[in-house]
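Chain by chain, the residues run as shown.
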Amino acid sequence: MLTPLKAKSEGKLAKQICKVVLDHFEKQYSKELGDTWNTVREILTSPSCWQYAVLLNRFNYPFEMEKDLHLKGYHTLFQGSLPNYPKSMKCYLSRTPGRIPSERHQVGNLKKYYLLNAASLLPVLALELRDGEKVLDLCAAPGGKSIALLQCACPGYLHCNEYDSLRFRWLRQTLESFIPQPLINVIKVSELDGRKMGDAQPEMFDKVLVDAPCSNDRSWLFSSDSQKASCRISQRRKLPLLQIELLRSAIKALRPGGMLVYSTCTLSKAENQDVISEILNSHSNMMPVDIKGIARTCSPDFTFAPTGQECGLLVIPDKGKAWGPMYVAKLKKSWSTGKW
């Protein structure tokens, strides 16, 4: 059953909330988030409140557009002093809802900016990529985090992997739209089952990002097919197992001493904290990395919910800070042998 939403902007069809999904989320998240869920639900079910960040492309920098964003009241993300924040990455936010038009893909012309949920930059920043490092983006489509990684540094090698064939094509087009040819030469794009990557390339990478398939809370709420939504919900309990298998593969692909960042765009504890707890309990060679400092620095722009983990952050949508959901956790691989 679909519940119509009032259209808040002229000329646009109202989105419809999928009641099957909303009822399911209501039961789960009212328990996990308590009273906070009321505000989160209000934001998630009101697209007119959603905000969009503008990530500028350093490979085709839009100087005039940057001036215009300043005039419109946009401000740069992380105006506070975030340690190791890459000066080459510029992302602008507005405190009011709305979005600027997306650019169209044109062969041979690099796009000047990428629109995104600002919270999706937190996993990229947590990874702390440095020039020359070998990095794996295990579940890379549609490519926004790969693009953001390349705004931060110039890796020696970037492997972007996506198992889904439709999303794989989307990923390739995104990279072609934003990255100049010389840099494309240090990027490999593959269509491998991410659960097999660790065996295919053991201890190959300095940094690994696992932006895992998850219950995408924002999009699921607006599922246009109630039957498909019901099927998604019934399959949802299988996602943590897939996420754990992807992380185990990522750990194999990570060199000793390397860093791994795990992220999802769901509020679900089963897909977030519980997955990381399982990995830490079953892999003695993986150590949690404290990232609470990111939350302290980013609190002017983001609202965080408690996770009970020093290595994990959860951004929740809030009034005037409609970013997220986004869970981020950071782990380090030690030099000792782990349990499997």
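Residues numbered from 1 in each chain as written. Predicted model: local features only at pLDDT ≥ 70, side-chain atom pairs only at ≥ 80, totals over all residues. Heavy atoms only, no water.

In the nomenclature of an unreviewed UniProt entry, the protein corresponds to NOP2/Sun RNA methyltransferase 3 from the organism Saimiri boliviensis boliviensis. Per its UniProt entry, the protein bears the Subcellular location (unreviewed entry) comment "Mitochondrion". Quoted verbatim from the Sequence similarities (unreviewed entry) heading of the UniProt record, the comment on the protein is "Belongs to the class I-like SAM-binding methyltransferase superfamily. RsmB/NOP family." (UniProt positions renumbered as here; feature names shortened; annotations may be inferred.)

A. How the structure looks around unusual backbone geometry. For the peptide bond that leads from A141 to P142, omega is 5°, which places it in the cis range. Relative to the helices and strands, P142 is located in the loop between β7 (134–137) and α5 (144–152). A cis amide bond links G324 with the next residue in sequence, P325, at an omega value of 0°. With respect to the helices and strands, P325 occurs in the loop between β14 (312–315) and β15 (326–333). (Helix = DSSP H or I, 4+ residues; strand = E, 2+ residues; numbered from the N terminus.)

B. Layout of the layout of surface pockets. Here the second largest pocket defines a volume of roughly 220 Å³. In terms of lining, the second largest pocket is formed by 15 residues, of which the most central are L82, P83, N84, E128 and I294. When residues of the lining of the second largest pocket are traced back to their parent elements, those giving at least two are α4 (122–127) and α13 (292–298). The element best represented in the lining of the second largest pocket is α13, accounting for 3 residues. Along the lines of polarity and charge, the residues of the lining of the second largest pocket split into 9 nonpolar, 3 polar and 3 charged. (1 Å grid on protein atoms, 1.4 Å probe; cavity = no way out; pocket = protein on both sides within 12 Å on 5 of 7 lines; lining within 4 Å. Points joined across faces, edges and corners; volume = space filled by probe spheres on them. Nonpolar A, V, L, I, M, F, W, Y, C, P; charged D, E, K, R; others polar.)

C. How the structure looks around the packing of helix α11 (residues 239–253) against helix α12 (residues 273–282). The geometry of α11 relative to α12 is characterised by a closest axis approach of 10 Å and an angle of 45° between their N-to-C directions. When the interaxial angle is binned, α11 and α12 end up oblique. Seen along the crossing, α11 lies across α12 with a hand that is right-handed. Here α11 contributes P240, Q243, I244, L247, R248 and I251 to the contact with α12, which in turn contributes V275, I276, E278, I279 and S282. The residue makeup of the contact of α11 with α12, split by class, is 7 nonpolar, 2 polar and 2 charged. (Axes fitted to C-alpha atoms, helices over the stretch in contact; angles between N-to-C directions. Parallel < 35°, antiparallel > 145°, perpendicular 65-115°, else oblique. Left-handed = near helix turned anticlockwise from the far one by under 90°. Contact = heavy atoms within 4.5 Å.)

D. Quick peek at the packing of helix α1 (residues 19–33) against helix α10 (residues 226–235). Close contact between α1 and α10 brings their axes to 8 Å; oriented N to C, the two are set at 30°. Here α10 runs roughly parallel to α1, going by the angle between their axes. Across the interface between the two elements, V20, V21 and H24 from α1 touch A229, S230 and I233 from α10. Partitioning the contact of α1 with α10 into residue classes produces 4 nonpolar, 2 polar and no charged.

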